[in-house]
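Geometric and topological summary
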Amino acid sequence: FFFFFFFQAEDGIRDVERSRGLGDVYKRQTILNMKYAYSSSSLKTSIELIAAGYTLDGTFLGYSPFDSEGFLCRVKSIRDTDDIKRLGHNYLLECEYDLKELYDVYETVFYELYIKSYANASDPQLIGVPVRIRNIDKSEDEDDYEYVHRFFLYDNIGFKNADSSNSQFLRWATRMRLRVKLNKDEKDEIYVPTLEVLYNERSTRSVNTTDNLVDCEFRMIYYQSYSGVLKDALIALIVISVAALLIAAYRIYVWTKINPSSPENLIIGSYTLYAAYSWIFLIFHSWGVLMFWCLFGISAYFFAFFKLADRPYLFLPDETDYSSGYKQFDALFGTLLAVHCICVILRIVSQSRYDIFLIDWEEPKPEIRQGKHVRIINVWREVFVANEFVETMGDNVISVTMNYIVFIFFMFGVGWQWWCQERPRVSDTEKINPTNFYLNFFVEALVFWITALVDYLLKWMLGIWFPPAIQDMVDLMSIANISMIIFEDTLRGYYIHGKSILEKADVSAEELKKFMDNGIDARTRLRGLERKDEEDELQTYEIYISLATRLRYNELMTGEVKSVKVNPQEDPNENSLLVDERGPKSEVEQRKANVTEFFKGYISTLENPERTEIVISDKTYLQMFFGISPAGFFENMNTGRSIFLRDKRMSFKWLSGEGLDFQMCFFRVLVFWFWERVLDNMFYAVSLTYVLEKFVWWVRGVLVGNNLSSKCFVDDRFLS
């Protein structure tokens, strides 16, 4: 650029003291000694930029406002012209410019840019704006930037004055960025802006063929330095990470107590593998939850003090400088996404591997078949309960589909997606300014989480009048005369007492109604496990079993079982022989019968006041809200005594979809935001995230059904 020397020319309009060394003015970070506001009747809410024009020979062409005439792209509306001037509005104007238009325009005009200062209201002054030509100054350090006085929008001199077509070139400002920095000491003040210009050139031969359209950009950037803030944020992240690890260490300590490594046969399968993925989940979950809300809090901070403020308390990080805060954001976000995806996988694995067994209390029913008196137990009650359990365990309280519908309604229908624009207001209903990482994350996470929490709380409150499906399942078990025992951990789990209050369960519908009417009239026994008084009908317990109980269960489930032929029994009523019509029992049937008899005898010890194998007590608040183990259990677990904690809240529901609901909320927000960043399209991101989440829930349902089928010896073909 042979004429770049002109950028530093003195024009004689300003005195030498004000004109000389314009680049040094910004290096000293000259502050405009005037106050600004986003909305105010007494303070300025916009910056006023004035451009002075010159010909190549230095002829002064006059002053003009630096707005729509200051760049090649044409402003779309008067509103855009105002937005260029409004304080805090990070404006972006992009276009395809036809270089052929430069053939017929005036020769190159040089501009010198000023900002009008009202520090002295009676005598406004023009303060020169330094210009940084990116083709000349390639410095990376802001302290080393070199500035000039003037710039041009296009150069057609080489086209009009060249001797031949081979030497004809057009030059144009392909990118212009006006950067306004906030004074971090006085929040209402700004530094003198700077203008960055990047030029490009093209031969007229290529322009005259097919290469005449070029991309041009003008951007207003309001920013502030976050170098010190990033250091403080790093310290805060380290502190939070240490806190998360301490929480995880305590959770691992509790886990090791209820999942001891010895004796070796205490767990079915590999203890090392079981401990590995359990510990990974506890560490990742503790860190991921705390760090997610940390990232959300940072985003909320930017939203509150930028979008909702009346005065310029802060500007957003410079989005054109990836290292100003966005690289760190992406690094933390990417780590969070990976951590929560792993947590979802491990949580599903955990929910699909726990030990579970159905205890059928029904006595064999005498029947006459082929002239013989036989005793049989109808298996369809058990199949029906197992099927209902799988369906209930698949239910999630927070409706996935409704969550997405509400999100789409507010983000697209109401227009909340425009709240993420880099402008200090939340009343926008159309796209005007670029959107920002931090604002996007806050608004979208807020809508997803508020929708999920409102859905959860409404169903919790309505559960007072409309019992949830999990309560219906407990009632069904009482009618079917089937109890259930679940081991979420090696020594901790849940017991649902389903021993029927009716005389029989395997009866006709008419007889069942008769028995139920008797139950309502209190002519039958209470269905609670303890049956201390008429008000005690509690059926759900959180249990901590002894080592002996667990070892006996493992032995019955995995030990060698021989087929046992049922001996004929005499029916005292018919005075004839009762036989099992099916003949000898298979290994699976015998194993199932042995485990059933073991648990029936184990639970029945409560009916004998002299037996102390099971102790029943109430949950403390620490046990209720923090999962603290009962006092004295770990010290006495070798004594053969188990502890049943009364569990009115039915904590086993956390093994159902409800136990994955909030983990999936983290997953939903992070995966959606990932797709939005990749595709740059909110609708596509919503669609992909919804399909992926429904697939995850489907996989979980299949795994839960397979687990119940294998642990309860129920054919999976009968499970929905």
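The notes below deal with the structure included here. From a predicted model like this one, the values you see are computed outputs, not experimental measurements. (Residues numbered from 1 in each chain as written. Predicted model: local features only at pLDDT ≥ 70, side-chain atom pairs only at ≥ 80, totals over all residues. Heavy atoms only, no water.)

**Topic: unusual backbone geometry**
Threshold: What counts as a helix is a DSSP run of H or I of at least four residues, what counts as a strand is a run of E of at least two, and both are numbered from the N terminus.
Cis geometry is adopted by the peptide bond preceding P263, which originates at S262 and carries an omega value of 0 degrees. Among the structural elements, P263 can be located in the loop between helix 6 (227–258) and helix 7 (271–307). Backbone geometry at N481 places phi at a positive 65 degrees, although glycine is not the residue there. As for its placement among the helices and strands, N481 is situated in the loop between helix 12 (469–480) and strand 15 (482–487). A positive phi is found at M650, a non-glycine position, where the angle reads about 50 degrees.

**Overview of the state of the cysteines**
Put simply, the rule is: Any two cysteine sulfur atoms lying within 2.5 Å of each other are counted as a disulfide. Only protein chains enter the calculation, and the probe is 1.4 Å; a residue is then buried if its accessible area is under 20% of its type maximum, exposed if over 50%, and partly exposed in between.
Considering all chains together, one arrives at one disulfide under this definition. Residue C73 pairs covalently with C95 via a disulfide, S to S 2.0 Å. On the S-S bond that ties C73 to C95, the torsion sits near -80 degrees, and the link is left-handed. Placement of the pair is C73 in the loop between strand 2 (60–65) and helix 3 (78–85) and C95 in strand 3 (residues 92–98), with a sequence separation of 22 residues. The class of C73 is buried, set by a relative accessible area of 3%.

**Topic: the packing of aromatic side chains**
Stated formally: Centres within 6.5 Å make a pair out of two Phe, Tyr or Trp rings, where for Trp the six-membered ring is used; the pair is then stacked when the planes are under 30 degrees apart, edge-to-face when over 60, and tilted otherwise. Counting as a charge over the ring demands two things of the Lys NZ or Arg CZ atom: a distance within 6 Å of the ring centre and an angle within 35 degrees of the ring normal.
A complete count under the given rule lists 62 aromatic pairs for this structure. Plain terms: the ring middles of W293 and W449 are 5.1 Å apart, the flat faces sit at 55 degrees to each other, and that makes the pair tilted. Placement of the pair is W293 in helix 7 and W449 in helix 11 (residues 437–462), with a sequence separation of 156 residues. Judged by relative accessible area, which is 35%, W293 ranks as partly exposed. Judged by its relative accessible area of 8%, W449 falls in the buried class. Between the NZ or CZ atom of K44 and the centre of the ring of Y118, over which it lies, the distance is 4.3 Å. When the ring centre of Y145 is taken as reference, the NZ or CZ atom of R132 above it lies at 3.5 Å.

**Side note on helix 9 (residues 380–394)**
Where we set the bar: The span one expects for a helix is its residue count, reduced by one, times 1.5 Å. Any pair of residues with heavy atoms lying within 4.5 Å of one another is described as a contacting pair.
Counted at 1.5 Å a residue, the expected span for helix 9 with its 15 residues is 21 Å, and the 21 Å between its end C-alpha atoms agrees. Among all positions of helix 9, only R381, E382, V383, V385, A386, N387, F389, V390, T392 and M393 are buried. Those residues of helix 9 that are buried lie in contact with strand 12 (355–360), helix 12, strand 15, helix 15 (587–604) and helix 19 (682–712).

**Remarks on the pattern of salt bridges**
Selection criterion: Any carboxyl oxygen of Asp or Glu within 4 Å of a side-chain nitrogen of Lys or Arg constitutes a salt bridge here.
Tallying each qualifying case throughout the model produces 29 salt bridges. Between D455 and K459 there is a salt bridge whose closest N-O contact spans 3.4 Å. With D455 and K459 both in helix 11 and four residues apart, this pair spans about one turn of that helix. On the accessibility criterion, K459 (37% relative accessible area) is partly exposed. Residues E693 and R668 are paired through a salt bridge, measuring 2.5 Å at the closest nitrogen-oxygen approach. With a gap of 25 residues between them, E693 in helix 19 and R668 in helix 18 (residues 658–679) connect regions that are remote in the sequence. In the salt-bridge network here, residues are joined through shared partners; they are R132, R134, D137, R179, E196 and D318.

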